[in-house]
Amino acid sequence: MMSKTRLANAKRLVVKVGSALVTNNGAGLDLAAIEDWARQIAVLRDKGREIVLVSSGAVACGVQRLGWGRRPKTVHEKQAAAAVGQAGLVEAYEAAFAKHGLHTAQILLTHDDLADRKRYLNARSTLTTLLALGVVPIINENDTVVTDEIKFGDNDTLGALVANLIEADALIILTDQIGLFTADPRKDPGATLISEATAGDESLEAMAGGAGTRIGTGGMITKVIAAKRAARSGAHTAIASGREIDPIIRLAAGEPVGTLLVSETQPLAARKQWLADHLQLAGRLILDNGAVNALKAGKSLLPIGVIAAEGDKQAAHAGEKKEGHSEAESELTLTTALRTAAMSVLAARHLARPDSRRMALIGNGAQSEFQALAFYHLLGIRALAPGSVS
């Protein structure tokens with residue numbers, strides 16, 4: 001009964017549908033499925049529920065329209081396919097929702113859009129306004145311009161981040177699998193369906209296995225991690241087959257369909273969610289023990305606790321650099337910028353997400369210093385080379 005209540009009481013939901021469903025495993029846009037999802041969402045809208053739809057499928061649709069046999073590997077080909085496919089995808093959704101008297105709105109996002117605090121808040125305002133107007137926002141990653149450095153990676157992640165962004169009560173991930181199993185059912189005949197578990201349970205990631213299909217980029221592992229992300233804002237996550245009968249309506253009613261991953265953690269404050277999820281690592285601060293203890297107690301990081309700073313001074317923000325500066329002066333400018341930024345970091349990324357590995361690092365008595373992370377939009381510098389603490 002408790003599980004039923006969790007989703008049955010959800011007023012604002014994010015529904016994510018994957019490429020394999022949208023394109024019928026790459027055969028082309030599945031218009032019947034799209035129309036059925038629109039019908040289900042219309043039923044929920046009539047009941048006063050607010051729905052945001054995160055839809056994959058632009059690249060896969062473009063591949064089909066262009067007559068290619070498989071998903072392209074090069075960036076420019078993927079971007080070209082996305083440009084071709086996104087138009088067809090939005091057209092299909094608009095036509096499907098129009099049959100139920102609903103308007104749709106296309107929103108394409110990149111990691112940069114959410115990593116910039118001002119654009120993040122603007123995106124939230126736009127989405128909440130659209131929901132208030134009764135519009136169904138349809139969100140996808142902007143694959144036409146995205147690069148690996150600013151890519152979400154998969155739309156399961158995007159769905160979770162959108163759930164955080166709009167403070168949704170639940171995230172529904174529709175896939176071509178019936179839920180999360182204790183092992184890969186294709187390889188282990190003894191695998192059983194997990195009907196309910198706690199989002200963020202580390203054992204779930206081991207069960208989830210590897211990547212997805214040749215059509216999409218995700219897999220069950222990305223859905224489990226997405227549920228952990230969504231739980232930070234208090235959202236529960238349901239993972240179910242999009243080929244079930246009325247899965248969206250039934251899940252929203254609290255029926256036990258697929259796997260429910262329950263959020264049982266105290267939701268992070270909105271700004272800490274943003275710090276934890278959206279800012280790409282750019283440098284690091286070396287802190288003294290007093291600063292580490294202050295962070296562990298949930299206090300702010302002050303400049304006096306910063307021993308040293310590391311980062312790419314060549315990529316420092318234009319506002320931090322002046323013509324004619326020597327190498328030593330540039331180093332000092334970077335360190336000053338990092339120290340100043342420390343005043344704004346209310347919680348280091350490690351402490352916003354204190355998993356066991358990170359807490360072990362913090363609590364290690366042999367560590368006289370703790371490498372806390374600073375963020376590029378606070379500092380104006382780009383990411384460090386691989387090997388940085390993350």
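Residues numbered from 1 in each chain as written. Predicted model: local features only at pLDDT ≥ 70, side-chain atom pairs only at ≥ 80, totals over all residues. Heavy atoms only, no water.

Caption draft 1: Representation of the pattern of salt bridges. Counted by the stated rule, this structure contains 13 salt bridges. We note a salt bridge from Asp246 to Arg39, for which the minimum N-O separation is 2.4 Å. Within this pair, whereas Asp246 is found in the loop between β7 (236–241) and α11 (247–252), its partner Arg39 is found in helix α3 (residues 31–46), the two being separated by 207 residues in sequence. As a salt-bridge pair, Glu244 and Arg250 come within 3.5 Å of each other at their nearest N and O atoms. One continuous salt-bridge network, built from bridges that share partners, spans Arg6, Glu196 and Glu264. (Salt bridge = Lys/Arg side-chain N within 4 Å of Asp/Glu carboxyl O. Helix = DSSP H or I, 4+ residues; strand = E, 2+ residues; numbered from the N terminus.)

Caption draft 2: Quick peek at the pairing of strand β8 (residues 259–262). Covered by surrounding structure in β8 are Thr259 and Leu261 together with Leu260 and Val262, the residues of both alternating faces. The pairing of strand β6 (residues 196–198) with β8 spans three bridges and is classified as parallel. Pairing of Glu196 across the sheet is with Leu260, part of β8. Here three bridges tie β7 to β8, and the two strands are oriented antiparallel to one another. By the bridge assignment, Thr237 is partnered in β8 with Leu261. (Buried < 20%, exposed > 50% of the residue type's maximum accessible area, 1.4 Å probe, protein only. Pairing = 2+ DSSP bridges.)

Caption draft 3: Focus on the packing of helix α8 (residues 155–165) against helix α10 (residues 220–231). Two elements in contact, α8 and α10, have axes separated by 8 Å at closest approach and are oriented at 10°. Accordingly, the angle class assigned to the pair α8 and α10 is roughly parallel. Taken together, the residues of α10 that come into contact with α8 (itself represented by Asp156, Thr157, Ala160, Leu161, Ala163 and Asn164) are Thr222, Lys223, Ala226, Arg229 and Ala230. Broken down by class, the residue content of the contact of α8 with α10 amounts to five nonpolar, three polar and three charged. (Axes fitted to C-alpha atoms, helices over the stretch in contact; angles between N-to-C directions. Parallel < 35°, antiparallel > 145°, perpendicular 65-115°, else oblique. Contact = heavy atoms within 4.5 Å. Nonpolar A, V, L, I, M, F, W, Y, C, P; charged D, E, K, R; others polar.)

In short, shape yes, function no, at least from these values alone.
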